[in-house]
Amino acid sequence: MWELMGNAWRGWLEFTSNGKLCALFLASLVFLWVYYKRAEQKNVLIYGAMMTGFCIVPATAAVLMVYQTKFYDYQWIWSMVPMTLVTAEAAVVLLAKCWPDFPGVGWKKGLPVALFLLGILGLSGGMGIGSGNSGQTWKPGADRESRIWAQETLALVKERFQGRDICLWAPREIMEYARETDSGICLLYGRNMWDPSLNAYSYDTFYQQEASLAVWMSSVPETGGTDGGSDCAQAVWDAGVNCILLPEQAAEETVACFEEVLGIRAEKIPGYYLLVM
């Protein structure tokens, strides 16, 4: 039980750090309680306040997490809270108070309030780090450049295969856009390996060996991939992979291990070592 309560509290802290919409919703709740008589949907207000308390208090949040099963994270219990409805009602009540004769007289006071509400709504979301970001800094045009780089690299790979089917194991920057470039390319694992949010409605998980291969590939730029090269080569061969891209930072000893185990020669292409079985 203590573990569940700890998970609930950490989930609340993470949930509130991913944007300011939650703070806007709480402010809307307080505002509607102050102007309770003006609220049209009082049942929704009472229910929203009650469920919000249940989601914030670790003890009751833990009970809700047990109810929804361990498959779902903390953030999913907030689907029981009518956040959008309550926030919208608060905006309507405030606007009706400041601009009662819309769209007639009183627009000099009401219009600035309307623009203020739109500005607050625009600034409330996307202020934190989403789950798919993995804490990385986003740069303008980075996605487009990565996509073009992957397309150019995969074009070279497809030339070597001359129409044969491809089962690919490569660094993340290539795997992420491989199926977008060519839906016929088979991957050892997909984007849900590094973006857990894509597993939201799936019970399928990766085998430990696949996860270990993903970790090894991601560590090559830092370590040079000097350990476990032979084991990785054998593992991907057993998995049916017939195309491997190793980063150019990989140590020569590692590339030699792959060549020895697979019985082929690596070809140097821009940014990578290409091994075709």
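See the structure shown above.
The rules behind the values
Residues numbered from 1 in each chain as written. Predicted model: local features only at pLDDT ≥ 70, side-chain atom pairs only at ≥ 80, totals over all residues. Heavy atoms only, no water. Helix = DSSP H or I, 4+ residues; strand = E, 2+ residues; numbered from the N terminus. Expected span 1.5 Å × (residues − 1). Buried < 20%, exposed > 50% of the residue type's maximum accessible area, 1.4 Å probe, protein only. Arc of directions from axis to C-beta. Contact = heavy atoms within 4.5 Å. Patch = residues over 30% accessible without salt bridge, like charges linked within 9 Å, V, L, I, M, F, W, Y side chains within 5 Å. Areas by Shrake-Rupley, 256 points an atom, 1.4 Å probe, with all protein chains shown as cover. Salt bridge = Lys/Arg side-chain N within 4 Å of Asp/Glu carboxyl O. Core = buried A, V, L, I, M, F, W, Y, C linked by side-chain atoms within 4.5 Å. Disulfide = S-S within 2.5 Å. Pairing = 2+ DSSP bridges. Axes fitted to C-alpha atoms, helices over the stretch in contact; angles between N-to-C directions. Phe/Tyr/Trp six-rings, centres within 6.5 Å; stacked < 30°, edge-to-face > 60°.

K.L.:
Just checking my understanding: could you explain helix α3 (residues 42-56) for this structure?
P.N.:
An α-helical turn contains 3.6 residues, so a residue and the one three or four places further along point in the same direction. Between the first and last C-alpha of α3 there are 21 Å, a value that for 15 residues agrees with the 21 Å anticipated at 1.5 Å per step. Listed as buried for α3 are Val44, Leu45, Gly48, Met51, Thr52 and Cys55. Down the axis of α3, the buried side of the element spans an arc of 140°, and every buried residue falls inside it. On its buried face, α3 is in contact with α2 (21-34), α4 (58-67) and α5 (83-98).

K.L.:
Would you mind showing me how to read a nonpolar patch on the surface here?
P.N.:
A cluster of nonpolar residues, Tyr47, Met50 and Phe54, forms a patch on the protein surface that exposes about 270 Å² of accessible area. Its place among the elements puts Tyr47 in helix α3. For Tyr47, a relative accessible area of 35% puts it in the partly exposed group.

K.L.:
What is the right way to read the nonpolar core from this model?
P.N.:
Generally speaking, soluble globular proteins have nonpolar side chains that are buried together. If you look at the biggest cluster of nonpolar residues, it comprises 44 residues, and the most contacted ones within it are Leu168, Trp169, Tyr189, Ile244, Leu245, Leu246 and Phe258. At the level of secondary structure, the elements contributing two or more residues to this core comprise α7 (142-161), β1 (167-169), α8 (172-181), α9 (208-223), α10 (229-238), β3 (243-247), α11 (252-262) and β5 (272-276). Considering each element in turn, this core owes the most residues, five residues, to α9. Grouped together as the second largest cluster of nonpolar side chains are 20 residues, Phe25, Leu29, Val44 and Leu64 included.

K.L.:
Quick question: what am I supposed to make of the pattern of salt bridges here?
P.N.:
Side-chain pairs of opposite charge can arise whenever the charged atoms involved come near each other. Counted by the stated rule, this structure contains seven salt bridges. A salt bridge links Glu180 to Arg147, with the shortest nitrogen-to-oxygen separation between them at 2.5 Å. You can see Glu180 sitting in helix α8 and its partner Arg147 sitting in helix α7, a full 33 residues away along the chain. Across the salt bridge formed by Asp182 and Lys158, the nearest N and O atoms sit 3.1 Å from each other. Of this pair, Asp182 sits in the loop between α8 and β2 (186-187) while Lys158 sits in helix α7, and the two are 24 residues apart along the sequence. Here Asp182 falls in the partly exposed class, since its relative accessible area comes to 22%. Connected through shared salt-bridge partners, Glu159, Arg160 and Glu267 make up one network.

K.L.:
I keep staring at the state of the cysteines and nothing clicks. Help me out?
P.N.:
Two cysteines whose sulfur atoms are joined by a covalent bond form what is called a disulfide. Applying the stated criterion across every chain, the model contains zero disulfides. Not engaged in a disulfide, the cysteine Cys167 finds its nearest cysteine sulfur in Cys186; these two sulfurs lie 3.9 Å apart.

K.L.:
How should the sheet that holds strand β4 (residues 267-269) be read in this particular structure?
P.N.:
Strand pairing in a sheet relies on backbone hydrogen bonds, with the paired strands running either antiparallel or parallel. If you trace the five strands from one edge of the open sheet to the other, you get β2-β1-β3-β5-β4, paired in mixed fashion. For this open sheet the edge positions go to β2 and β4, each flanked by a neighbour on one side alone. Packed on one face of the sheet, α8 meets β1, β2, β3 and β5 and runs near 155° to β1.

K.L.:
I'm lost on the pairing of β3 in this one. Help?
P.N.:
Sheet faces and side chains relate simply in a regular strand, where the side chains alternate between the two faces. The element β3 is largely enclosed, with a buried count of five among its five residues. Burial along β3 is two-sided: the residues Cys243, Leu245 and Pro247 and Ile244 and Leu246 are all buried. Bridge count for β3 against β5 is five bridges, and the pairing is antiparallel. If you follow Pro247 over to β5, its bridge partner there is Tyr272.

K.L.:
How should I be thinking about the environment of Leu85 in this particular structure?
P.N.:
Positionally, Leu85 belongs in helix α5. The exposure class of Leu85 is partly exposed, given its relative accessible area of 45%. Considering only alpha carbons, one finds Leu85 and Gly48, 37 residues apart in sequence, at a separation of 9.2 Å.

K.L.:
What exactly am I supposed to notice about the packing of aromatic side chains here?
P.N.:
Remark: the centre distance and the inter-plane angle together describe each pair of aromatic rings, the angle taken between the planes. Per the stated rule, a full pass over the model turns up four aromatic pairs. Ring plane angle 40° and centroid distance 6.2 Å describe the contact between Trp149 and Tyr272, whose orientation is recorded as tilted. In this pair, Trp149 sits in helix α7 while Tyr272 sits in strand β5, placing the two residues 123 residues apart along the sequence. The partly exposed category is assigned to Trp149, whose relative accessible area is 34%.

K.L.:
Explain unusual backbone geometry to me, please; I cannot follow it from the model alone.
P.N.:
Leave glycine aside and you will find that most residues have negative phi; peptide bonds, for their part, are mostly trans. Its identity is not glycine, yet Gln162 carries a phi of approximately 50°, on the positive side. As for its placement among the helices and strands, Gln162 is situated in the loop between α7 and β1.

K.L.:
What am I meant to see in α4 here?
P.N.:
Buried within α4 we find Ala61, Ala62, Leu64 and Met65. Down the axis of α4, the buried side of the element spans an arc of 160°, and every buried residue falls inside it. Across from the buried face of α4, at angles greater than 90 degrees, the exposed residues are Val63, Val66 and Tyr67. Taken from the residues just after α4, Thr69 is the one with a positive phi, measuring 80°.

Geometric values such as these leave the question of function open.
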